[in-house]
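# Descriptive analysis of the structure
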Amino acid sequence: MNPLSQLPSVDRLLSAPALVALVDAHGRAVVTGMVRDALAATRGAVKAGAAPPDEAALIAELINEVGAGVTAKMQPKLRPVFNLTGTVLHTNLGRAPLPEEAVQALVAAARSPCALEYDIESGGRGDRDDIVSELLCELTGAEAATVVNNNAAAVFLLLNTLAQKKQAIVSRGELIEIGGAFRVPDIMSRAGAKLVEVGTTNRTHLRDFAEAISPRTALLMKVHASNYAIHGFTHAVPEAELAALAHQHNLPFVIDLGSGTLADLAAYGLPHEPTPAEAIAAGADLVTFSGDKLLGGPQAGLLVGRRDLIARIKKNPLKRALRVGKLTLAALEAVLALYRDPDRLHLRVTAVRQLTRPEAEIAAQAVRLLPALRAALSGLPVMAEIVALKSQIGSGSLPVDRLPSAGFAIKPQGRRSGVLNRIERGLRALPKPVIGRIEDGALLLDLRCLQAEEEFEFGAALAGLPVALAGPAAAA
Ligand SMILES: *Cc1c(COP(=O)(O)O)cnc(C)c1O
């Protein structure tokens with residue numbers, strides 16, 4: 001008898017209760033496709049000489065396989081994770097988590113029509129920038145504001161509008177790269193602006209700028225070197241002096257601030273980071289910054305400054321290509337509104353709250369969670385203990401400053417270092433993956449970013465670790 005005729009039919013498999021439930025959850029098309037694939041694989045194996053399987057065992061195996069396949073396929077790619085890396089604004093993990101007020105605003109805007117470009121008072125057409133421009137002006141002291149997709153887009157649009165086919169003068173010490181894809185010289189050339197570098201890597205003087213100004217100059221630019229610091233024999237020209245020089249020549253002075261915190265972080269015990277308000281006060285004509293770095297909002301690029309320059313930027317057809325959607329504006333408006341009450345920022349803006357969490361509070365959380373971690377790791381040749389750690393702000397902000405924090409170090413007993421990689425993979429294989437970091441022979445879990453409302457969830461998630469360690473994802 002042909003062994004292939006022994007294989008169950010697609011319909012037979014689909015009528016198994018486990019697969020009926022899967023069809024209910026995910027639809028007939030996905031499950032049927034997966035059943036066909038699984039049957040084809042078995043048929044191939046039998047043809048290639050594998051022993052014809054026992055029917056009942058085969059059916060059970062195929063059902064398992066299809067179940068696992070469908071679950072894996074239907075799992076969303078953009079999944080929430082526990083960020084225990086110690087980097088608060090982790091670009092690969094989505095940077096700033098949004099405050100609850102912003103989440104609510106975003107959900108409301110997503111669910112129902114909203115006044116995105118509609119003036120409710122007059123019943124006429126509105127401008128989407130108006131949703132946040134008043135707040136941005138209030139918080140920065142600027143005359144006008146506009147919003148695009150991210151800060152890279154803001155810098156690009158600024159240069160394309162003001163310096164196309166002309167020269168932009170920048171200090172050599174500020175020709176930075178951010179995360180590989182954003183390099184100031186590349187953005188400049190794509191924007192059609194000609195970069196004129198002045199000064200040296202470590203020292204640039206006012207006269208360097210003054211000597212470079214020519215009839216072809218469009219603007220003077222300062223880029224905040226957010227992701228690195230140079231120390232020693234250095235000199236950068238103060239912003240007010242650059243602004244005065246630019247204005248003597250009737251040129252705009254623009255600043256790419258990168259991380260634009262709207263509050264003075266020094267008030268919360270963090271290192272001072274220049275603010276857009278300070279840049280405007282120092283005479284900058286335009287300032288650009290990110291929405292999802294220290295500001296703690298959604299991904300966005302904010303441009304604030306002189307009314308006439310913002311008007312030109314808004315008229316550039318590329319503004320239409322780089323504009324933000326209603327979800328971004330809803331979240332941004334809600335986050336900016338929180339900045340009207342600086343006294344409570346550290347409680348309400350999630351990113352600021354995480355950055356300002358006292359070490360003692362994080363350590364106390366570690367004490368509460370240690371038993372759950374130890375239970376999850378029992379039987380493995382490792383030991384877990386509470387350690388002092390240093391968190392980073394991330395996203396290139398304040399690169400040299402480290403925030404005292406606490407968390408767990410998991411260390412192998414003896415020289416079995418492979419076990420750490422296994423645990424690290426097991427933590428990533430949890431339904432809500434736990435992302436830590438391996439450093440100096442230890443797997444470190446920094447608890448700074450574990451929010452109070454996630455603590456119970458995290459403890460419970462750890463209970464799934466033994467299963468995850470046994471599963472295929474951790475073994476891979
Ligand atoms: C982060 C950063 C950018 C890019 O901002 P995105 O919002 O990530 O596009 C540009 N310039 C500076 C100085 C930055 O720090």
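Structure shown above.
Residues numbered from 1 in each chain as written. Predicted model: local features only at pLDDT ≥ 70, side-chain atom pairs only at ≥ 80, totals over all residues. Heavy atoms only, no water.

## Observations regarding the environment of Pro 298
Looking at the secondary structure, you find Pro 298 in the loop between strand S11 (286-290) and strand S12 (301-305). By relative accessible area, Pro 298 is classed as buried at 10%. Remark: the alpha-carbon pair of Pro 298 and Leu 329, spanning 31 residues in sequence, is separated by 8.4 Å. Beyond its immediate stretch of four places on either side in the chain, Pro 298 contacts Leu 98, Gly 291, Asp 292, Thr 328, Ala 331 and Leu 332. (Helix = DSSP H or I, 4+ residues; strand = E, 2+ residues; numbered from the N terminus. Buried < 20%, exposed > 50% of the residue type's maximum accessible area, 1.4 Å probe, protein only. Contact = heavy atoms within 4.5 Å.)

## Side note on the nonpolar core
The biggest cluster of nonpolar side chains holds 49 residues, and the ones touching the most others in it are Leu 136, Leu 220, Phe 289, Leu 336 and Tyr 339. A total of seven residues in this core trace back to one element, the largest contributor, which is helix H14 (residues 326-338). Setting aside chain neighbours within four positions, we find Leu 136 in contact with Ala 145, Val 147, Phe 289, Leu 302, Val 304 and Leu 336. By size, the runner-up hydrophobic cluster in this structure holds 32 residues, among which are Leu 158, Leu 195, Val 223 and Ile 313. (Core = buried A, V, L, I, M, F, W, Y, C linked by side-chain atoms within 4.5 Å.)

## Here we look at a negative patch on the surface
Side chains of Asp 119, Glu 121, Asp 130 and Glu 134 sit close together on the surface and give a patch of like negative charge. Turning to its location among the elements, Asp 130 is positioned in helix H6 (residues 130-140). Take Asp 130: its relative accessible area is 49%, and that puts it in the partly exposed class. (Patch = residues over 30% accessible without salt bridge, like charges linked within 9 Å, V, L, I, M, F, W, Y side chains within 5 Å. Areas by Shrake-Rupley, 256 points an atom, 1.4 Å probe, with all protein chains shown as cover. Salt bridge = Lys/Arg side-chain N within 4 Å of Asp/Glu carboxyl O. Lys, Arg positive; Asp, Glu negative; His and termini not counted. Charge placed at Lys NZ, Arg CZ, Asp CG, Glu CD.)

## Some thoughts on helix H7 (residues 151-163)
Over its 13 residues, H7 runs 17 Å from end to end, which matches the ideal 18 Å to within 8%, given 1.5 Å per residue. Of all 13 residues in H7, 12 are buried; the element is thus mostly enclosed. Along H7, the residues classified as buried are Asn 151, Ala 153, Ala 154, Val 155, Phe 156, Leu 157, Leu 158, Leu 159, Asn 160, Thr 161, Leu 162 and Ala 163. With its phi angle positive at about 60°, Lys 165 sits one or two positions after the end of H7. (Expected span 1.5 Å × (residues − 1).)

## Some words on the packing of aromatic side chains
Enumeration according to the criterion identifies one aromatic pair in this entry. The interplanar angle of 70° and the centroid separation of 5.2 Å between the aromatic rings of Phe 82 and Phe 458 together place this pair among those described as edge-to-face. In this pair, Phe 82 is assigned in strand S1 (residues 82-83) and Phe 458 in helix H19 (residues 455-462), connecting sequence segments 376 residues apart. For Phe 82, a relative accessible area of 1% corresponds to the buried category. Seen from the ring of Phe 82, Lys 432 lies directly overhead, with NZ or CZ sitting 4.4 Å from the centre. (Phe/Tyr/Trp six-rings, centres within 6.5 Å; stacked < 30°, edge-to-face > 60°. Lys NZ or Arg CZ within 6 Å of the ring centre and 35° of its normal.)

## A word on the side chain of Asp 292
Counting through the fold element by element, Asp 292 comes out in the loop between S11 and S12. Owing to a relative accessible area of 7%, Asp 292 belongs among the buried residues under this scheme. Looking at Asp 292, its side chain comes within polar contact range of the side chain of Arg 95, at 3.0 Å. Beyond its immediate sequence surroundings of up to four residues, Asp 292 is in contact with Leu 89, Arg 95, Ala 96, Gly 297, Pro 298 and Gln 299. (Polar contact = N/O pair within 3.5 Å; in protein donor to acceptor, adjacent residues only side chain to side chain.)

## A closer look at the sheet that holds strand S9 (residues 217-223)
Spatial ordering of the open sheet is given by S4-S12-S11-S10-S9-S5-S8, a layout of seven strands whose pairing is mixed. Lying at the two open borders of the sheet, with one neighbouring strand each, are strand S4 (144-148) and strand S8 (194-198). Here the strands of the sheet are splayed against their neighbours by 25° on average, with no regard to which way each runs. Strands S4, S11 and S12 of the sheet are contacted by H6, whose axis makes an angle of about 120° with S4. The sheet contacts of helix H12 (residues 307-315) involve S4, S11 and S12, and relative to S4 the element is tilted by about 30°. (Pairing = 2+ DSSP bridges. Axes fitted to C-alpha atoms, helices over the stretch in contact; angles between N-to-C directions.)

Structural measurements only, silent on function.
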